[in-house]
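Each chain, letter by letter, is given below.
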Amino acid sequence: MSIVDRQLACKPTDYKSDVKPVWCPGCGDYHVLMSFTRAFAQLGVPPEQIAVISGIGCSSRIPAYTSCYGFHGVHGRSLALAAGLKVTRPDLTVVVASGDGDGYSIGGNHFLHACRRNVDMTYVVMDNHIYGMTKGQPSPTTEPEFDTAMSPGGTGLRPFHPLVIALASGANFIARCFSGEPNQTADILLEAIKHPGFSFVEILSPCVTFRPDEKEWKNLVHPAPVAATNDPARAARRIMTDDGFNIGVLYRGDRRPYSPEICSETIDPSELEKEFEQ
Ligand SMILES: Cc1ncc(C[n+]2csc(CCOP(=O)(O)OP(=O)(O)O)c2C)c(N)n1
Ligand code: SF4
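Residues numbered from 1 in each chain as written. Chains lettered and ligands numbered in written order. Predicted model: local features only at pLDDT ≥ 70, side-chain atom pairs only at ≥ 80, totals over all residues. Heavy atoms only, no water.

Caption draft 1: Representation of the overall build of the chain. The secondary structure content of the chain amounts to 12 helices and eight strands. The globule rule puts the C-alpha radius of gyration for 278 residues at 19 Å, and the 19 Å found for the chain is close to it. Taking all 278 residues of the chain together, the buried fraction comes to 49%. When contacts within the chain are restricted to residue pairs at least 6 apart in sequence, those whose partners lie at least 24 apart make up 70%. Surface exposure of the chain reaches about 13400 Å², of which carbon and sulfur atoms provide 58%. Between the averaged position of the 25 positive side-chain charges in the chain and that of its 31 negative side-chain charges there is a distance of 4 Å. (Helix = DSSP H or I, 4+ residues; strand = E, 2+ residues; numbered from the N terminus. Rg over C-alpha atoms; globule rule 2.2 N^0.38 Å. Buried < 20%, exposed > 50% of the residue type's maximum accessible area, 1.4 Å probe, protein only. Contact = heavy atoms within 4.5 Å. Areas by Shrake-Rupley, 256 points an atom, 1.4 Å probe, with all protein chains shown as cover. Lys, Arg positive; Asp, Glu negative; His and termini not counted. Charge placed at Lys NZ, Arg CZ, Asp CG, Glu CD.)

Caption draft 2: Focus on the side chain of Asp-100. Relative to the elements of secondary structure, Asp-100 occurs in helix H5 (residues 100–106). Here Asp-100 occupies a buried position and makes no salt bridge, while the nearest side chain of opposite charge, Arg-211, is found at 7.6 Å. Of the polar contacts made by the side chain of Asp-100, one reaches the side chain of Ser-139; its length is 2.5 Å. (Salt bridge = Lys/Arg side-chain N within 4 Å of Asp/Glu carboxyl O. Polar contact = N/O pair within 3.5 Å; in protein donor to acceptor, adjacent residues only side chain to side chain.)

Caption draft 3: Main features of the site of ligand 2. All residues adjacent to ligand 2 are Trp-23, Cys-24, Cys-27, Cys-58, Asn-128, Gly-132, Cys-207, Val-208, Thr-209 and Phe-210. Partitioning the shell around ligand 2 into residue classes produces seven nonpolar, three polar and no charged. (Near = heavy atom within 4 Å. Nonpolar A, V, L, I, M, F, W, Y, C, P; charged D, E, K, R; others polar.)

Caption draft 4: How the structure looks around the sheet that holds strand S4 (residues 121–127). As summarised here, the arrangement of the eight strands in space is S2-S1-S3-S4-S6-S5-S8-S7, forming an open sheet in which the pairing is mixed. Either end of the sheet is taken by a strand with one partner, and the two such strands are strand S2 (69–72) and strand S7 (222–223). The pairing of strand S1 (residues 50–54) with S2 spans four bridges and is classified as parallel. Looking across to S2, one finds that Ile-53 is bridged to Phe-71. On top of the sheet, helix H7 (residues 162–169) reaches S4, strand S5 (173–178), strand S6 (198–204) and strand S8 (246–252); it is set at about 175° to S6, its chief contact. (Pairing = 2+ DSSP bridges. Axes fitted to C-alpha atoms, helices over the stretch in contact; angles between N-to-C directions.)

Caption draft 5: View of the site of ligand 1. Around ligand 1, a shell composed of 16 residues is seen, among which Cys-58, Ser-59, Gly-101, Asp-102 and Gly-132 lie nearest. One of the side-chain nitrogen or oxygen atoms of Asp-100 is found 3.5 Å away from an oxygen atom of ligand 1. Considering each element in turn, the shell around ligand 1 owes the most residues, four residues, to H5. Its residues assigned to classes, the shell around ligand 1 comprises six nonpolar, eight polar and two charged.

Caption draft 6: Representation of the side chain of Glu-202 in the model. Mapping Glu-202 onto the fold places it in strand S6. A polar contact is formed between the side chain of Glu-202 and the side chain of Arg-176, at a distance of 2.7 Å. Not counting chain neighbours up to four residues away, the residues in contact with Glu-202 comprise Tyr-104, Val-125, Asp-127, Pro-162, Leu-163, Ala-175, Arg-176 and Cys-177.

Caption draft 7: Inspection of the environment of Leu-112 at higher detail. If you trace the backbone, Leu-112 turns up in helix H6 (residues 108–117). Between the C-alpha atom of Leu-112 and that of Ala-166, which follows or precedes it by 54 residues, the distance is 6.9 Å.

Caption draft 8: Looking closely at the packing of aromatic side chains. Applying the stated rule across the entire model yields 11 aromatic pairs. Judged by centre distance (5.7 Å) and plane angle (55°), the ring pair of Tyr-15 and Phe-40 falls under tilted. Here Tyr-15 is found in the loop between helix H1 (3–9) and helix H2 (29–43), whereas its partner Phe-40 is found in helix H2, with 25 residues between them in sequence. You'll find Tyr-15 and Phe-40 in the same group, each marked buried. Pairing Phe-111 with Phe-200 gives two aromatic rings, centres 5.1 Å apart and planes at 55°, and the pair type is tilted. Within this pair, whereas Phe-111 is found in helix H6, its partner Phe-200 is found in strand S6, the two being separated by 89 residues in sequence. The class of Phe-200 is buried, set by a relative accessible area of 0%. Grouping aromatic residues by their ring pairs yields a cluster made of Tyr-104, Phe-111, Tyr-123, Phe-160, Phe-198 and Phe-200. Above the face of the Tyr-258 ring, Arg-117 is positioned so that its terminal group lies 5.4 Å from the ring centre. (Phe/Tyr/Trp six-rings, centres within 6.5 Å; stacked < 30°, edge-to-face > 60°. Lys NZ or Arg CZ within 6 Å of the ring centre and 35° of its normal.)

Caption draft 9: Representation of the nonpolar core within the structure. In terms of nonpolar packing, the biggest core is built from 33 residues, with Tyr-15, Phe-36, Phe-40, Ile-50, Val-52, Ile-62 and Val-201 touching the most fellow members. Every element with two or more residues in this core is listed here: H2, S1, helix H3 (62–65), strand S3 (93–99), S4, S5, helix H8 (182–194) and S6. Among the elements that line this core, the one with the most residues is H2, at seven residues. The residues contacting Ile-50, other than those within four sequence positions of it, are Tyr-15, Phe-40, Val-45, Cys-68, Tyr-69 and Thr-93. Residues Ala-51, Ala-82, Leu-163 and Ile-239 belong to the second largest nonpolar core, which totals 29 residues. (Core = buried A, V, L, I, M, F, W, Y, C linked by side-chain atoms within 4.5 Å.)

Caption draft 10: Representation of the pairing of S1 in the model. Counting buried positions along S1 yields five of five residues, so the element is predominantly enclosed. Across five bridges, the pairing between S1 and S3 is parallel. Across the sheet, the residue bridging to Ile-50 is Thr-93, located in S3.

The values reported here are purely geometric and, on their own, carry no functional implication.
Right, dumping it as structure tokens:
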């Protein structure tokens, strides 16, 4: 079968591996996996032309459950890996899967600079406002009053605002999804993958084991009341003032994606050498 025929024939099940997920029954990440495979099928790119990269965490297990190429890397370092891969293999579709602990705590610095660099890839953070895999420590998005064994009475710390930080750092596409809406999430993931540059998609994905209260999220999410904008100032105002449960595409930017040629266009290495010889 030719590549074109295969692209036409792709079904969501073609992107699933034979590995059975070990997530807890009811974990939101099952639906996220479904959204990934639906988005890939709609994209029509065969599994061997997609790379799913992750760090460590329950959410970061996703590459093993897809039939795409994948890399289950070091905790918090998935973006560096993915950027290196995309720059050297621009023909691949690169999608990065992370959790709020992996992406915003140990990986926080990489998040800022990936947004700035604007390599053409899609960063998906399954945010459950807790560390699931390591049994319920607070993460940067945990509410200040949320009581955990590690932080009795809550941390008292102001939560990190990933969407605002992504916007301020230069992400080129920003959306929020809810894992309980896999079709809508698949549509948004597809749009994020097709959008040039660094696309950031937050997926609210409940951890039913360490945050049973998050089962309520299905009653709190609602469509974003205004259409996406390409104006960062308007997007910032909206994201700063929303209730954290607006679902949809919130920002579509038009920054030019990073490519190694951007540097070679502007810097002539022989000129630099002359400067150092002086
Ligand atoms: C360098 C390093 N530090 C800490 C850990 C332990 N660790 C593994 S997963 C994890 C937290 C994962 O939380 P999150 O990213 O929110 O994902 P979730 O499990 O909730 O999906 C931590 C701290 C590790 N594996 N490596
Ligand atoms: S601990 Fe939480 S995040 Fe991890 S698999 Fe279970 S429900 Fe999902």
